[in-house]
Amino acid sequence: MVLKGYPRLSETFIAQELLALERRGLSLEIWSLRRPTDRARHPMHGQIRAEAAYLPEYLRDAPLRVLRGLGAALRRRNLPALLALFVRDFRRDPTASRLRRLGQALVLARELPADIAHIHVHFLHTPASVARYAALLTARRWSFSAHAKDIWTTPDWELTEKLRDAAWGVTCTRDGLARLDALAPGRTLLAYHGLDLSRFPIPPPHETRDGTDPVRPLRLLCVGRLVAKKGHDDLIDALATLPPGLHWQLDLIGGGELRAALEARVGTCGLAERIRFRGALAQPAVIEAMRAADLFVLPTKPAPGGDRDGLPNVLMEAASQALPILATAFAGTPEFITDGTHGVLVPPGDPAVLAAALIRLADDPGLRRRLGEAARARLVRDFSEEAAIALIAGRLRASAGLSSDVAAHESELPACAS
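On a predicted model such as this, the values are computed, not experimentally measured, just so you know. (Residues numbered from 1 in each chain as written. Predicted model: local features only at pLDDT ≥ 70, side-chain atom pairs only at ≥ 80, totals over all residues. Heavy atoms only, no water.)

Caption draft 1: The overall build of the protein, seen in detail. Helices and strands together make up the secondary structure of the protein, namely 17 helices and 13 strands. Against the globule reference of 22 Å for 418 residues, the protein gives a C-alpha radius of gyration of 22 Å, in line with a compact fold. For the protein, the C-alpha atoms occupy an extent of roughly 75 × 45 × 40 Å along the three principal directions. Counting all 418 residues of the protein, 55% fall into the buried class. A total accessible area of about 17300 Å² is found for the protein, and carbon and sulfur atoms account for 52% of it. Across the protein, the centroid of the 55 positively charged side chains sits 6 Å from that of the 47 negatively charged ones. (Helix = DSSP H or I, 4+ residues; strand = E, 2+ residues; numbered from the N terminus. Rg over C-alpha atoms; globule rule 2.2 N^0.38 Å. Buried < 20%, exposed > 50% of the residue type's maximum accessible area, 1.4 Å probe, protein only. Areas by Shrake-Rupley, 256 points an atom, 1.4 Å probe, with all protein chains shown as cover. Lys, Arg positive; Asp, Glu negative; His and termini not counted. Charge placed at Lys NZ, Arg CZ, Asp CG, Glu CD.)

Okay, here's the thing in structure tokens:
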């Protein structure tokens, strides 16, 4: 398993998948392009048996490893093919990052144990470049899981060629699948992440706060990295326009590059007493916050440069606690949330409409309860992790020569995920 960074608090879906694959009897190795930067870890990370190995993030930091990788590559018959591929890529992407991916691939190719039968990579951008180069050099097959940013910010030429070269791949939303199928039809399967519901407690009885009592303010929650595509700026702007008679508090969980800018925006809007930045938290603390909240809000939108979300796992985590959801009708969110049935969806990038929806939901605890219960029923019925793990495990077994019965696993998928 080749990952960009491991472990990461923001990638619970990857940790959940690794743990589930191990529980199905697959023996994994984890290779990460970067060392972790989060201080905390999810409990799932401690349950995963595979230890992580780390490639040199910058080649200058491990010159001997890179030279040993180059020396080993000189003895491989596929080196001319790798160099030809790299030259084609470098002509279209003449960057230091491209050179770094080649160096990391040389290290990976040399240090992978001989009994590793298959390479699977999460994300189709830089991690897939490393996996693709290493697989070609070592005459292994490789596959991918595509998610969000990697689908929408990788150039068409690169996506097309990686889709062609991979043995198979999956992605986690119909939105992403449509883009990949437009470039290489039929090369990618749909596999929603889903949740392992056994890890989540039964939903609590939710309060009936409506924001009219200053002693019992409406408790809002937003969980997501503090990056442009999450729409925190729109949420802050919407909250700034709420009527003074509506009493509320917001917890923002997540770390990221925009924290200072968002804190400044909160101060400018005079909301510093109402909005709390809690930083990145491990999953138990996130679930505890969801159980204490009245409404979950996630106003995702397109970011400059084309980055966008897939289907945020935090929406399903909120649904696991029957927490009502207010989100935007964007990317993969409508694949889980039907407006008016499982939550409320508003257009992305429109703080005024977001504010109106906040007022409506604050004023109607009964509606919030019905939406939360419907979202949880949708999660339990259609978004458990079982179907996706069955597909991926079956494919990995077949690719590693452990089983050829891929069709049996794929038959377990619901119609929406095939």
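So that's the structure; there's more coming.
Caption draft 2: Seen up close, a nonpolar patch on the surface. A contiguous nonpolar patch, built from Leu 64, Leu 67, Leu 70 and Leu 74 and spanning about 420 Å² of accessible area, is present on the exposed surface. Examined against the element boundaries, Leu 64 turns out to sit in helix H3 (residues 63–73). (Patch = residues over 30% accessible without salt bridge, like charges linked within 9 Å, V, L, I, M, F, W, Y side chains within 5 Å. Salt bridge = Lys/Arg side-chain N within 4 Å of Asp/Glu carboxyl O.)

Caption draft 3: Spatial organisation of helix H10 (residues 232–240). Those residues of H10 lying buried are His 232, Asp 234, Leu 235, Ile 236, Ala 238 and Leu 239. Buried positions along H10 lie against strand S8 (218–223), strand S9 (248–253), helix H11 (259–268), strand S10 (275–279), strand S11 (295–298) and helix H14 (351–362). (Contact = heavy atoms within 4.5 Å.)

Caption draft 4: A look at the sheet that holds strand S13 (residues 344–346). An order of S10-S9-S8-S11-S12-S13 is seen for the six strands of this open sheet, with the pairing classed as parallel. The open sheet terminates on both sides in strands that have one partner only, identified here as S10 and S13. Sheet twist, expressed as the average angle between the axes of neighbouring strands with direction ignored, equals 20 degrees. Sheet analysis places S11 next to strand S12 (residues 325–328), joined by three bridges and oriented parallel. In the strand pairing of S12, Val 297 is matched with Leu 326. The strands touched by H10 are S8, S9, S10 and S11; relative to S9, the strand with the most contacts, the crossing angle is about 170 degrees. (Pairing = 2+ DSSP bridges. Axes fitted to C-alpha atoms, helices over the stretch in contact; angles between N-to-C directions.)

Caption draft 5: Up close: the UniProt feature "domain: Glycosyl transferase family" (unreviewed entry) in the protein. The sites that UniProt annotates as "domain: Glycosyl transferase family" (unreviewed entry) are residues 217–377. Taken as a whole, residues 217–377 contains 39% helix and 17% strand, while its terminal C-alpha atoms sit 28 Å from one another. (UniProt positions renumbered as here; feature names shortened; annotations may be inferred.)

Caption draft 6: View of the side chain of Thr 173. Turning to its location among the elements, Thr 173 is positioned in the loop between strand S6 (168–171) and helix H9 (174–183). Excluding residues within four positions of it along the chain, Thr 173 makes contact with Leu 190, Tyr 192, Gly 310, Leu 311, Gly 332 and Glu 335.

Caption draft 7: Main features of the nonpolar core. Counting residues in each nonpolar core, the largest one holds 61 residues, and the members touching the most others are Leu 239, Trp 248, Ile 275, Met 290, Phe 296, Leu 326 and Leu 358. If one sorts the elements of this core by residue count, H14 sits on top with six residues. Shared between two domains, this core takes at least three residues from each, and those domains are domain 1 (2–194 + 387–400) and domain 2 (201–380). Apart from residues lying up to four places away in sequence, Trp 248 is in contact with Pro 217, Leu 218, Leu 220, Leu 239, Leu 242, Leu 271, Arg 274 and Ile 275. Judged by nonpolar contacts, the second largest core, of 37 residues, contains Leu 33, Ala 131, Ala 135 and Ala 146. (Core = buried A, V, L, I, M, F, W, Y, C linked by side-chain atoms within 4.5 Å. Domains from an automatic or database assignment.)

Caption draft 8: Representation of the packing of helix H4 (residues 79–92) against helix H5 (residues 96–111) in the model. Packing of H4 against H5 leaves a shortest axis separation of 10 Å and a crossing angle of 160 degrees. Looking at the two axes, H4 sits roughly antiparallel to H5. Considering how the two elements wind past one another, H4 and H5 form a crossing that is right-handed. Contacts between H4 and H5 involve Leu 82, Phe 86, Asp 89 and Phe 90 from the first element and Arg 98, Leu 99, Leu 102 and Leu 106 from the second. Looking at the contact of H4 with H5 residue by residue, the class counts come to six nonpolar, no polar and two charged. (Parallel < 35°, antiparallel > 145°, perpendicular 65-115°, else oblique. Left-handed = near helix turned anticlockwise from the far one by under 90°. Nonpolar A, V, L, I, M, F, W, Y, C, P; charged D, E, K, R; others polar.)

Caption draft 9: Looking closely at the pairing of strand S2 (residues 30–34). With respect to burial, S2 is a largely interior element, four of its five residues being buried. Regarding topology, helix H1 (residues 12–23) serves as the crossover connection from strand S1 (residues 2–5) to the parallel S2, and that connection is right-handed. Pairing of S2 with strand S3 (residues 52–54) involves three bridges; the strand directions are parallel. Across the sheet, residue Ser 32 finds its bridge partner in S3, namely Tyr 54. (Right-handed = clockwise from strand over helix to strand, strands pointing away.)

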